[in-house]
Amino acid sequence: MRSLILASLALLLAGASAAAQLDARLEARLDARTAADVQSHVDAAAAAGLPVEPLVLKALEGASKGARGPQIAGAVARLHTQFVEARGALGPRSAAGEIVAAASAMQAGASAETLRQMRAARRDAPLTTALTVLADLIAYGVPVADASTLLIELVRAGARDDQLTDARGSVQKGIGAGLSPAAAAQEALSGPPAALPVTPGAPAGSRPPVVRPPTP
Amino acid sequence: MSEMDPREQELIDRIASELRSGVRFDASFDRRVMAEVRRSGTPIRLSMVRSARRPGGDSWLLRPRSFQITPLTGLAAAAAFAAIVVAGSVALRPQGEMPGTAPVVAAVADTPAVQVVRFVLQAPAASHVSLVGDFNEWNPAATPLEVVASEGVWTVSVSLPLGRHVYAFVVDGAEWVPDPAAPKALGDDFGVPNSVITVGGSAS
């Protein structure tokens with residue numbers, strides 16, 4: 001709710017600003033009203049320091065798919081809100097890539113609380129890869145709760161980005177070999193701790209990954 | 001889309017497997033090359049002979065000339081050539097790929113932040129297929145696929161920046177088809193599902 005209010009306020013501020021210039025791509029592929037609606041979200045996002053290109057691309061996707069104007073404007077508004085929520089969860093200094101990846105994870109079903117816990121576990125390094133892996137695992141069919149728990153545990157344990165992508169690859173292989181997504185996640189991430197060594201020089205308190213098997 | 005015929009599946013698996021297979025040298029390759037180099041010992045002489053003489057004298061371009069290459073240089077050139085061949089033919093499985101005809105990263109990159117990804121779709125009845133996604137502004141005219149022989153296998157290679165990309169195929173300008181061999185992107189907003197591929201780890 002708070003995010004919605006923030007998004008609306010940002011929208012009003014952007015609308016009150018000087019006449020915004022319409023993105024040529026929106027102008028070319030959307031009707032005038034929809035283009036203006038989308039542009040208002042783009043301007044609001046820009047004013048708030050949020051990513052804007054994904055908003056334009058979302059509108060262009062809708063246009064190419066023949067969606068109606070309100071449907072397109074609604075999809076852009078949802079994505080804008082997700083950006084606001086993602087940054088709220090990850091913190092005001094989040095990078096654009098993190099926000100986009102977090103929005104993908106949220107769109108897949110991950111909660112803002114999961115994002116907060118991941119940020120709490122990794123404050124000084126980007127979470128982009130971790131969030132991307134989270135979204136990917138959910139897309140592969142790993143239950144949201146299991147994927148969220150696993151990523152939180154791995155990030156807490158100091159797993160490096162390459163280790164996270166390796167884990168994702170292992171899940172894919174497991175699924176390709178006929179395991180269920182949940183079982184593949186369990187299989188890939190319940191290997192010996194040596195398979196996921198803690199980053200040298202990891203912050204004090206780091207520990208080997210605690211592998212908690214996904215719930216059946 | 002209708003259920004895929006097992007024979008068609010077998011065909012596309014074979015083609016995909018061929019596309020992914022690397023160039024393999026047998027274990028004795030290095031040994032045999034080095035033995036040959038040691039055996040020859042003398043520089044290898046290559047001559048460029050003009051293919052046609054023109055009356056009225058030689059031009060610089062047509063003048064015969066020779067190059068001398070030491071065995072070591074020749075070996076290095078051969079190795080470089082082999083590397084180019086291998087780089088051009090090896091197809092690595094990308095992060096995010098599922099079995100079947102999932103997009104493959106062709107391992108050729110203009111910059112470290114870009115990888116070439118090969119997309120494949122089997123659509124025997126199609127007369128035109130294009131690739132659309134967040135990387136080409138969802139423009140159906142931007143990235144047409146080419147049909148491979150006459151088996152209805154369509155393919156295109158695209159340079160993609162690292163990161164997560166959402167895409168789909170458009171068949172005959174009207175039918176939107178997610179990649180049957182790639183994970184579906186969750187949270188579709190327009191009632192037409194997309195597929196997702198993550199190139200590299202992700203963009204930072």
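Sequence positions are assigned chain by chain, starting from 1 and proceeding in written order. Key to labels: chains lettered from A, ligands numbered from 1, both in the order written. A pLDDT threshold of at least 70 governs which residues receive local features in this predicted model, and a stricter bar of 80 or more applies before side-chain atom pairs are shown or counted, although totals over entire chains, interfaces and linings include all residues.

1. Thoughts on helix H10 (residues 161-176) of chain A
- The end-to-end C-alpha distance of H10 of chain A, which contains 16 residues, comes to 23 Å, matching closely the 22 Å that a straight helix rising 1.5 Å per residue would cover.
- Each helix corresponds to a stretch of at least 4 residues labelled H or I by DSSP, and each strand to a stretch of at least 2 residues labelled E; elements are numbered beginning at the N terminus. At the exit of H10 of chain A stands glycine 178 of chain A, carrying a positive phi of roughly 105°. Given the number of residues in a helix, its expected span is that number minus one, multiplied by 1.5 Å.

2. As for the packing of helix H8 (residues 128-140) of chain A against H10 of chain A
Residues and elements named next belong to chain A.
- Contact geometry for H8 and H10: axes closest at 9 Å, N-to-C directions at 10°. Classified by the angle between their axes, H8 and H10 sit roughly parallel to one another. In contact with Thr129, Ala130, Val133, Asp136, Leu137 and Tyr140 of H8, H10 contributes Asp161, Leu164, Thr165, Arg168, Val171, Gln172 and Ile175.
- Amino acids are sorted into nonpolar (Ala, Val, Leu, Ile, Met, Phe, Trp, Tyr, Cys and Pro), charged (Asp, Glu, Lys and Arg) and polar (every other residue, Gly among them). Of the residues that constitute the contact of H8 with H10, the class distribution is 7 nonpolar, 3 polar and 3 charged. With axes taken as lines fitted to C-alpha atoms, and helix axes fitted only over the stretch in contact, angles between N-to-C directions fall between 0 and 180 degrees. When describing relative orientation, an angle under 35 degrees is termed roughly parallel and one over 145 degrees roughly antiparallel, while 65 to 115 degrees is termed roughly perpendicular and anything else oblique. Once C-beta atoms have been placed from the backbone, residue pairs whose C-beta atoms lie within 7 Å are recorded as contacts.

3. Things to note about the packing of helix H4 (residues 53-64) of chain A against helix H5 (residues 69-90) of chain A
Residue and element names in this part refer to chain A.
- Contact pair H4 / H5: the axes reach a minimum separation of 9 Å and the direction vectors enclose 155°. When the axes of H4 and H5 are compared, the pair comes out roughly antiparallel. Of the two elements, H4 crosses H5, and the hand of that crossing is right-handed. Where H4 abuts H5, its residues Pro54, Leu55, Lys58, Ala59, Gly62 and Ala63 lie against Gln71, Ile72, Ala75, Val76, Leu79 and His80.
- Looking at the contact of H4 with H5 residue by residue, the classes come out as 8 nonpolar, 3 polar and 1 charged. Handedness of a crossing is defined here by the sense of rotation of the near helix relative to the far one, left-handed for an anticlockwise turn of less than a right angle and right-handed for a clockwise turn.

4. Focus: unusual backbone geometry
Residues and elements named next belong to chain B.
- Its identity as a non-glycine residue notwithstanding, tryptophan 138 has a phi of 55°, on the positive side.
- Mapped onto the secondary structure, tryptophan 138 falls in the loop between strand S5 (129-133) and strand S6 (146-148).
- Any residue whose C-beta has 12 or fewer other C-beta atoms within 10 Å is treated as exposed, any with 20 or more as buried, and any in between as partly exposed, C-beta atoms being built from the backbone. Taking the number of C-beta atoms within 10 Å as the measure of exposure, tryptophan 138 has 24 and is therefore buried.
- Positive phi, close to 50°, is recorded for aspartate 172, a residue that is not glycine.
- Of note, aspartate 172 is situated in the loop between strand S8 (163-171) and strand S9 (175-177).

5. Side note on the confidence of the model for chain A
- Mean pLDDT over chain A stands at 84; residues scoring 70 or higher make up 78%.
- Segment residues 197-216 of chain A is flagged for pLDDT under 50; beyond a separation of four residues in sequence, or across chains, it makes 35 contacts in the model. Per-residue confidence from the predictor is reported as pLDDT, a score between 0 and 100.

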